[in-house]
Amino acid sequence: MAGTEQIRNIAIIAHVDHGKTTLVDQMLRQAGAFRANQQVDERVMDSNPLERERGITILAKNTAVRWKGVKINIVDTPGHADFGGEVERILRMVDGVLILVDAAEGPMPQTRFVTRKALDLGLLPIVAINKIDRPDAEPMRVHDEVLGLFIDLEASHQQLDAPFLYTSSRHGTATAELDEPGPDLAPLFDAILAHVPPPSSDANGPFQMLISTLDFTTFLGRMGIGRIERGTLKVGDQVALLPIGAPGPVGPEEAVERSRITKLYTFDGLHRVEVQEAVAGDIVVLAGLEGIEIGRTVTAIDHLDRMEGIAVEEPTISVDFIVNNSPFAGREGKYVTSRQVRDRLFKELERNVALKVEPTESPDTHTVSGRGELHLAILMETMRREGFEFQVSRPRVITKIGPNGERLEPYEELMIDVPEEYMGAVIEKLGPRRSEMLELKNPGQGMVRMIFRIPARGLFGYRSEFLTDTRGTGIIHHRFLDYGPWAGPLAGRKRGVLVADREGSVVAFALGNLQERAQMFVAPSDHVYEGMIAGENSRPGDLDVNVTKEKKLSNMRTTASDDNIILEPPRDITLEYGLEYIEEDELIEVTPKTIRLRKRNLSAIDRKRASRASRVADAS
């Protein structure tokens, strides 16, 4: 059992795709966490299948290495702003942060977001300027930008004295001097031991611990993960689980749950190691507590002292999860009822602290609020892979009422890197979306960086336009900035859709006649139903079409009628694309095998009635 002096707790934070998970791979290798001949996957910490497919970290994960007799607990965190809830809660477990910054891109929006959280908590940073082997790397410029970021965020003098290292996570090297390349990561490990303080915990006091994250196994049930703030803990000890509330002593009127610790684990490399005793300062996993939740305090039963809970920023976007009521409902999924969907959404709240689920007047509909479209899309993708069927509405922003009764909406900071020739097209498209340019940088290397303040509504549907306008060469990132005055109405989708007018199987002959005026979403032999969206119209306004129309067979031959039909490939519909694309009168049907777009009212007559009613309401 390590003493407090022999423990260091550190989180690795950075913008998405700046090399955090790759660096942790190399740290595990060089600290001897793997056998010499052990076969290990790349980005071994990204264990979730969705993380491997998308190349991003979604869930914060713990690991530990030993260096010169000291145990270093490492937390690998997500780099995407939508998963900031994961970052906010684990920062309470650590005493220092390793801030990773790309040597070419410099500090990006998520770097600023997470660094602000870390500095506010008083954590001491170590800065690693990564990817110095990139041909366009400018480590000295990035060094100055990081110092400027610290000053902007009002870092303390101690935090401004952070050590700077220059690393290549791909090659596993670190050095304090650019002129002297490092052979390995030893300078990084030594910097962690020298600059990250040991936990300021009292090993002799009464036991106290804050639950920062949860895990679940079918054998042990829910388990709590966190750092022991005070005292020691042994298997078999009786502990008290305190309700969430203000920090300080718990009153006699509050309900306190008592439990016995049945299992106790610490981290070593990629494995959990079962131990009989753990000391203050170490990050541990507890089993045996029934009503355990993130943000609750576990204490000794004779010293009921509650710690400050975990504050997570409020969600900014919401969607409706609706039971699948399309004609194809129940064909592909195992879980289709409103009770099953509801139970799964509330189960997600146990781990996902940045999510909110609220029932509506309809028992078949639940409003789910999150930090962004990707945050919600990951939940949808996870559920469909588990066998759920459901429908999703268009995302809405969550508004607030200001101090003077005015309507406020969320604004985002949008950072765009594009080649110079596409700068005009980007500015032209962002103008009608009520954006305001905050900064424009042109270092003279062909790429321009622009920073905008834009309503969160203005970003709906923009990503696909941006990729088209920049021929796929632009980079776009955004993060929540603040709440501001309502920006007024925004222009919606400029084109209408093709709506199937009957149920059946798609025929190539019908698509051949339609593709001249549309971009199709379906392919031959796909099944469609009345009201399902089959493609995008080239003009404004929706069009009812028959995509099941077959060629009339006769014994008369002409030169024109027997031409080969060459079809363009249909557009691939993903969850993110669907969330950006649909309008208020449309839904996304999500099943384990298929993602379909459809109208809320499937019948053409019902759609005309709804359209007429909305026009009358607008006129009045």
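Data block above holds the structure.
For clarity, every value in this text was computed on a predicted model and none was experimentally measured. (Residues numbered from 1 in each chain as written. Predicted model: local features only at pLDDT ≥ 70, side-chain atom pairs only at ≥ 80, totals over all residues. Heavy atoms only, no water.)

Describe the nonpolar core, with residues and values.
Among the nonpolar cores identified, the biggest contains 35 residues, and Leu 91, Val 97 and Phe 150 are the most heavily contacted of them. Excluding residues within four positions of it along the chain, Leu 91 makes contact with Ala 11, Val 97, Val 114, Lys 117, Ala 118, Leu 121 and Leu 123. Counting residues in each nonpolar core, the second largest holds 33 residues, with Ile 317, Ala 456, Val 499 and Ile 595 among its members. (Core = buried A, V, L, I, M, F, W, Y, C linked by side-chain atoms within 4.5 Å. Buried < 20%, exposed > 50% of the residue type's maximum accessible area, 1.4 Å probe, protein only. Contact = heavy atoms within 4.5 Å.)

Requested: an account of empty space enclosed by the protein, with residues and values cited.
Per the stated rule, a full pass over the model turns up 2 cavities of 30 Å³ or more. In this model, the second largest cavity occupies a volume close to 30 Å³. Every residue lining the second largest cavity is listed: Gln 515, Ala 518, Gln 519, Met 520, Glu 568 and Pro 569. Grouping the amino acids of the lining of the second largest cavity by side-chain chemistry returns 3 nonpolar, 2 polar and 1 charged. (1 Å grid on protein atoms, 1.4 Å probe; cavity = no way out; pocket = protein on both sides within 12 Å on 5 of 7 lines; lining within 4 Å. Points joined across faces, edges and corners; volume = space filled by probe spheres on them. Nonpolar A, V, L, I, M, F, W, Y, C, P; charged D, E, K, R; others polar.)

Which residues make up helix H5 (residues 139-152), and what values go with them?
Note that an α-helix has 3.6 residues per turn; residues three or four places apart therefore point the same way. Helix length check: H5 (14 residues) gives 20 Å between terminal C-alpha atoms against 20 Å at 1.5 Å per residue, within 8%. When we look at burial in H5, the residues that qualify are Pro 139, Val 142, His 143, Val 146, Leu 149 and Phe 150. With its buried residues spanning 120 degrees around the axis, H5 presents them on a single face. Pointing more than 90 degrees away from the buried face of H5 are the exposed residues Asp 144, Ile 151 and Asp 152. Remark: Glu 154 follows H5 within two positions and exhibits a positive phi of approximately 60 degrees. (Helix = DSSP H or I, 4+ residues; strand = E, 2+ residues; numbered from the N terminus. Expected span 1.5 Å × (residues − 1). Arc of directions from axis to C-beta.)

Report on the pattern of salt bridges, specifying residues and quantitative values.
Summed over the entire model, instances satisfying the criterion amount to 38 salt bridges. In this structure, Asp 95 and Arg 227 form a salt bridge, with 2.8 Å as the shortest nitrogen-oxygen distance. In this pair, Asp 95 is assigned in the loop between helix H3 (84-90) and strand S4 (96-102) and Arg 227 in strand S10 (residues 221-230), connecting sequence segments 132 residues apart. Accessibility classification places Asp 95 together with Arg 227 in one group, the buried group. One salt bridge in this structure joins Glu 381 and Arg 384, with 3.4 Å as the shortest N-O distance. Residue Glu 381 and its partner Arg 384 are located together in helix H9 (residues 373-385), separated by 3 residues, close to a single helical turn. No difference in accessibility class separates Glu 381 from Arg 384, as the two residues are buried. Linked through salt bridges whose partners overlap, the residues forming this network are Asp 102, Lys 131, Arg 134 and Asp 136. (Salt bridge = Lys/Arg side-chain N within 4 Å of Asp/Glu carboxyl O.)

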